[in-house]
Amino acid sequence: MNKHIAIIGLGLIGGSLAKALREFDASLAIAAADTDQNALARALAEGVIGRAGALAEICAQARIVVVAVPPLAGPAVLRQIAQSAGPETLVTDVASVKSHLLAMLASLPAGFRSRFVPGHPLAGSEQSGFGAARVDLFQGRNVVLAPLEETAPEAVARIHELWRGIGARVLAMSPERHDRILALSSHLPHVLAFAMAGLLPRRESGAGVHHYAATGFADFTRLAASEPALWSDILRANADATVAALDAFGEDLKQFRNALAAEDWPALGDHLRRARRARAAFDLARGGKEAGNAGGELCFHVRPGGAIASGEIRVPGDKSISHRAIMLGALAEGVSRVSGFLEGEDALHTLAAFRELGVTIVGPEDGCLRIYGAGANGLQAPRKPLWLGNSGTAMRLLAGILAGQGFASELRGDESLSQRPMNRIIKPLADMGAGISAAAGGLPPLLIRGGRLRGIDYAMPVASAQIKSCLLLAGLFAEGITSVREPGPCRDHTERMLRGFGVELDTESRQGMTNLAGGQTLSACDIDIPGDISSAAFFMVAAAISPGASLTLEHVGVNPTRTGIIDILRQMGADIRLRHPRESGGEPVADIEVRQKPLHGVAIGAEQVALAIDEFPILLVAAACAEGETRISGAAELRIKESDRIEAMAEGLEILGIEHETFPDGIRVTGGELGGGVIDSRGDHRIAMAFAIAALRCRQAITIRNCANVATSFPGFAALARQTGLDISEAEIDS
Ligand code: S3P
């Protein structure tokens, strides 16, 4: 029974699916129903299906039914299936529109809805019919699952497995978002191609006018060769979203038109360049190249004279917690719902990595995710190296999880990540029994041959939350107890969240030791991620140094292992108050109010470093604006972050004319008047943002180069900074 699959409709998609499934597992019993008797006869003759029959009859026998009919035929077919399929049968579809199904589904029994997994392979073409079906149509292609709130997790898992088995990559989103995106990415281009194909001969009549239309016309109108009956169906089914897409397109077209009509050549050039960059980014992504800046180099220009307006702002979700929410949600039993997720590149790389590991994750949509946990032993072997971009957290934590899996994996990252030391996790993971190796010098890429692990008792040489978390996550898969001792406190989000997922941990705070017994089950839970204090820090300092400012940062995480920035700024004389302290998802949260007050220099020693580890770039800006000298020591870790932050900051402060001196483990800065100039952020997001804030007190403008990585942790930084009162603009220069 488990081997019985029924496919309703043997067109391009249904036929290709039958061929791919047949090749994937010859023992599958594939039956099909279609109104086209020729297609059925051909599929039978070619051995692609084992049986042709009436819909009700083949559905009654099937374990999985795939509906591959044109969208408008979907509702009636689903109704028939609901009547004929057994109570265990899973149902999925392949239509490129979903919203028209939602209303009718409400009239079907709840039991049916829990077994229905709306799906859509993004693999159509202008060809149609069984004759065009290809066994490899879904190989390496994206398939979107759009599960209903009521869809059972087991149903989602089985349909995910089906598509993964035939080589597809499985994405997931809500049905509503699916339709909005498809309207823009597919339905609108088809409308335009159909419209364009008819325009030329209508406007320029005369024999042979097509001889004057070259590749532009041919490429642009390729989609107009698609089957009109099918496309009329699709457009009718997704009419609302397609009308909205046409309206948006009309607005954009008007801008082109107006630039041309007004002979505004710079505006025209801007439109064209922006479009070319978007197209280049698309080509890169489609070619599987995940690294690389598609266009030029992103720069920030900040003019002097900005001032922080009073008011309230919200910064994006916490990066550390966002990574962990995906990881633990993926390992849990059940469905975890996450809100406040940071849609920055780092966390999105973690999300993509777990999708490649076979986990269904719906979203992000407005910061919300639905993670269908694979359970402790449910991760699947990745089919390609996992790309983690700029993110050290993603690489080190994931390494801990992958070390305990029964398959091999490879972790890669960008130029900066490829320079970051991995021996700090390789050594203890190897002690636990993992097969793990890196490039020369202990640098990424990491090759992990996962396997059986045993718990160890490990004293960390540095207070690093990444090492601690890596080992605790590996400890989940280890035999016995894993104990990690920290030389000083460092962020404890992993421990808090593990507890939220029902894992028992034993922490001995006096000795800074955490013990975890392997083999525990994680149970799904809901997580509300607060704003990232590391992102809030930029605006805290902005308000602290901008005359007259009074700014409130709402709903920021104030976990005591992260609030070093507040303590240090207060020591410097800043006026910071925590309003409405509360708890959210196991993490302390508050609104942070900052009023400008003159700052003075301070000495910051090793014991304070881990609690403000990511905030030193912006703290050094505060120091440059403070009276007297600030001295940081015991901070050698700053040299091995996304850049050597001691040197990167020293170089920028030099350009601004601020007196300073560097040491192997720190820096000394004397506050003074800030000038201006061109500063290279070295591709480090926090260096870029720190100097943008410094411009509030600069006498001349600052240009900050290499700012694309700001999107790793703080998408929308420049817009929020502008809204808050900075005179900041973004520009791309040819690189
Ligand atoms: C992080 C820990 C810190 C921090 C990083 C995020 C985490 O790194 O700098 O940005 O999420 O665990 P270390 O553990 O290497 O200090």
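It should be noted that the structure appears before, not after, this text.
This is a predicted model, so every value here is computed, not measured.

Asks: Pulling in residues and values, what's your account of the overall build of the protein?
Replies: Along the protein, the regular secondary structure elements total 26 helices and 35 strands. On C-alpha atoms alone, the protein measures out to a radius of gyration of 28 Å, which is about the 27 Å that the 2.2 N^0.38 rule sets for 735 residues. By principal-axis analysis of the C-alpha atoms, the protein measures approximately 85 × 75 × 50 Å. Relative to its full complement of 735 residues, the protein shows a buried share of 56%. Residue pairs at least 24 apart in sequence account for 75% of intrachain contacts in the protein once pairs closer than 6 positions are excluded. Surface summary for the protein: the accessible area is close to 29300 Å², and the carbon and sulfur share equals 52%. One way to put it: in the protein the 71 positive side-chain charges average out to a point 3 Å from where the 82 negative ones average out.

Asks: Give a description of a nonpolar patch on the surface that names residues and reports values.
Replies: Among the surface-exposed residues, Met196, Leu199 and Phe220 lie close enough to one another that they form a single nonpolar patch of about 240 Å² accessible area. Looking at the secondary structure, you find Phe220 in helix α9 (residues 215–220).

Asks: Give me the lowdown on the site of the ligand, citing residues and values where you can.
Replies: Taken together, Ser320, Arg324, Thr393, Ser464, Ala465, Gln466, Arg491, Ile613, Asp614 and Lys641 make up all the residues around the ligand. Residue Ser320 places a side-chain N or O atom 2.6 Å away from an oxygen atom belonging to the ligand. Separating an oxygen atom of the ligand from a backbone N or O atom of Gln466 is a distance of 2.8 Å. Expressed as a share of its isolated accessible area of 380 Å², the protein-covered part of the ligand is 96%. Using a 2 Å cut-off from the grid points, one finds that the ligand occupies the second largest pocket. Elements supplying a minimum of two residues to the shell around the ligand: α13 (319–331) and α17 (465–475). Among the residues forming the shell around the ligand, the class breakdown is two nonpolar, four polar and four charged.

Asks: Describe in detail the pattern of salt bridges, supporting the description with residues and values.
Replies: This structure, assessed with the given rule, holds 45 salt bridges. The residue Asp25 makes a salt bridge to Lys3 at a minimum N-O spacing of 2.9 Å. With a gap of 22 residues between them, Asp25 in the loop between α1 (12–24) and β2 (29–33) and Lys3 in the segment before β1 (4–8) connect regions that are remote in the sequence. Residue Asp25 is classed as buried on the basis of its relative accessible area of 18%. Take Lys3: its relative accessible area is 38%, and that puts it in the partly exposed class. Of the charged contacts, one joins Glu651 and Arg682 as a salt bridge, the two residues approaching to 2.8 Å between their closest N and O atoms. Of this pair, Glu651 sits in helix α23 (residues 645–655) while Arg682 sits in the loop between β33 (677–680) and α24 (685–694); the two residues are 31 residues apart in sequence, bridging distant segments of the chain. Shared partners join several salt bridges into a network, and the residues in it are Arg420, Arg491, Asp614, Glu642, Arg645 and Asp684.

Asks: Just give me the short version of the packing of helix α16 (residues 423–431) against α17, but keep the residues and values in it.
Replies: In the contact formed by α16 and α17, the axes pass within 10 Å of each other and the chain directions differ by 30°. One finds that α16 runs roughly parallel with respect to α17. Where α16 crosses over α17, the two elements pack in a sense that is right-handed. Contacts from Arg424, Ile425, Pro428 and Leu429 of α16 reach α17 at Ile467, Cys470, Leu471 and Ala474. Partitioned by chemical class, the residues of the contact of α16 with α17 number seven nonpolar, no polar and one charged.

Asks: Please give an account of the sheet that holds strand β8 (residues 142–145) that cites residues and values.
Replies: The strand order β7-β8-β9 describes an open sheet built from three strands, whose pairing is mixed. Here the strands that pair on one side only, and so sit at the sheet edges, are β7 (119–121) and β9 (169–172). The mean angle between the axes of side-by-side strands here comes to 25°, regardless of whether they run parallel or antiparallel. Sheet topology note: the β7/β8 ladder contains three bridges and is antiparallel. Note that in β8 the partner of Gly119 across the bridge is Leu145. Along the sheet face, helix α7 (residues 153–165) touches β7, β8 and β9 and points at about 170° away from the line of β8.

Asks: Go over the sheet that holds strand β29 (residues 603–604), please, and point to the residues and values.
Replies: Sheet architecture is open: four strands sit in the order β29-β30-β32-β31, paired in mixed fashion. Each edge of the sheet is formed by a strand with only one pairing partner; in this case those strands are β29 and β31 (660–663). Summarising the sheet, strand β30 (residues 629–632) and strand β32 (residues 666–670) pair through four bridges and their orientation is antiparallel. In the sheet register, Thr630 faces β32, and the bridge partner there is Val669.

Asks: Before we move on, could you go through the side chain of Thr360 and cite the residues and values that matter?
Replies: Tracing the chain through its elements places Thr360 in strand β13 (residues 360–365). Here the side chain of Thr360 touches His160 through a polar contact of 2.6 Å, side chain to side chain. Ignoring sequence-local partners within four residues, the contact set of Thr360 consists of Val156, His160, Ala172, Arg370, Ile371 and Tyr372.

Asks: How would you sum up the pairing of β33? Please name residues and give values.
Replies: Across four bridges, the pairing between β33 and strand β34 (residues 702–705) is parallel. Its bridge partner being in β34, Asp680 is matched across the sheet by Arg705. For the crossover from β33 across α24 to β34, the handedness is right-handed.

Asks: Please set out empty space enclosed by the protein residue by residue, giving values where relevant.
Replies: Think of a ball as big as a water molecule: rolled over the atoms, this probe shows where empty space is left. Using the criterion set out here, one finds two cavities of 30 Å³ or more in the structure. Its volume calculated, the largest cavity comes out at about 50 Å³. Looking at the largest cavity, the residues that line it are Val67, Val69, Pro70, Pro71, Gly74, Asp93, Val94, Ala95, His100 and Leu101. Along the lines of polarity and charge, the residues of the lining of the largest cavity split into seven nonpolar, two polar and one charged.

Asks: Any chance you could break down the layout of surface pockets for me, citing the residues and the numbers?
Replies: Counted as a void, the second largest pocket has a volume near 550 Å³. Contributing to the lining of the second largest pocket are 38 residues, with Ala465, Arg491, Ile613, Asp614 and Lys641 lying nearest its centre. The dominant element in the lining of the second largest pocket, judged by the number of residues it contributes, is α13, at four residues. Tallied by class, residues from the lining of the second largest pocket come to 12 nonpolar, 11 polar and 15 charged.

Each value, and the rule that gives it
Residues numbered from 1 in each chain as written. Predicted model: local features only at pLDDT ≥ 70, side-chain atom pairs only at ≥ 80, totals over all residues. Heavy atoms only, no water. Helix = DSSP H or I, 4+ residues; strand = E, 2+ residues; numbered from the N terminus. Rg over C-alpha atoms; globule rule 2.2 N^0.38 Å. Buried < 20%, exposed > 50% of the residue type's maximum accessible area, 1.4 Å probe, protein only. Contact = heavy atoms within 4.5 Å. Areas by Shrake-Rupley, 256 points an atom, 1.4 Å probe, with all protein chains shown as cover. Lys, Arg positive; Asp, Glu negative; His and termini not counted. Charge placed at Lys NZ, Arg CZ, Asp CG, Glu CD. Patch = residues over 30% accessible without salt bridge, like charges linked within 9 Å, V, L, I, M, F, W, Y side chains within 5 Å. Salt bridge = Lys/Arg side-chain N within 4 Å of Asp/Glu carboxyl O. Near = heavy atom within 4 Å. Polar contact = N/O pair within 3.5 Å; in protein donor to acceptor, adjacent residues only side chain to side chain. 1 Å grid on protein atoms, 1.4 Å probe; cavity = no way out; pocket = protein on both sides within 12 Å on 5 of 7 lines; lining within 4 Å. Sits in = over half its atoms within 2 Å of the grid points. Nonpolar A, V, L, I, M, F, W, Y, C, P; charged D, E, K, R; others polar. Axes fitted to C-alpha atoms, helices over the stretch in contact; angles between N-to-C directions. Parallel < 35°, antiparallel > 145°, perpendicular 65-115°, else oblique. Left-handed = near helix turned anticlockwise from the far one by under 90°. Pairing = 2+ DSSP bridges. Right-handed = clockwise from strand over helix to strand, strands pointing away. Points joined across faces, edges and corners; volume = space filled by probe spheres on them.

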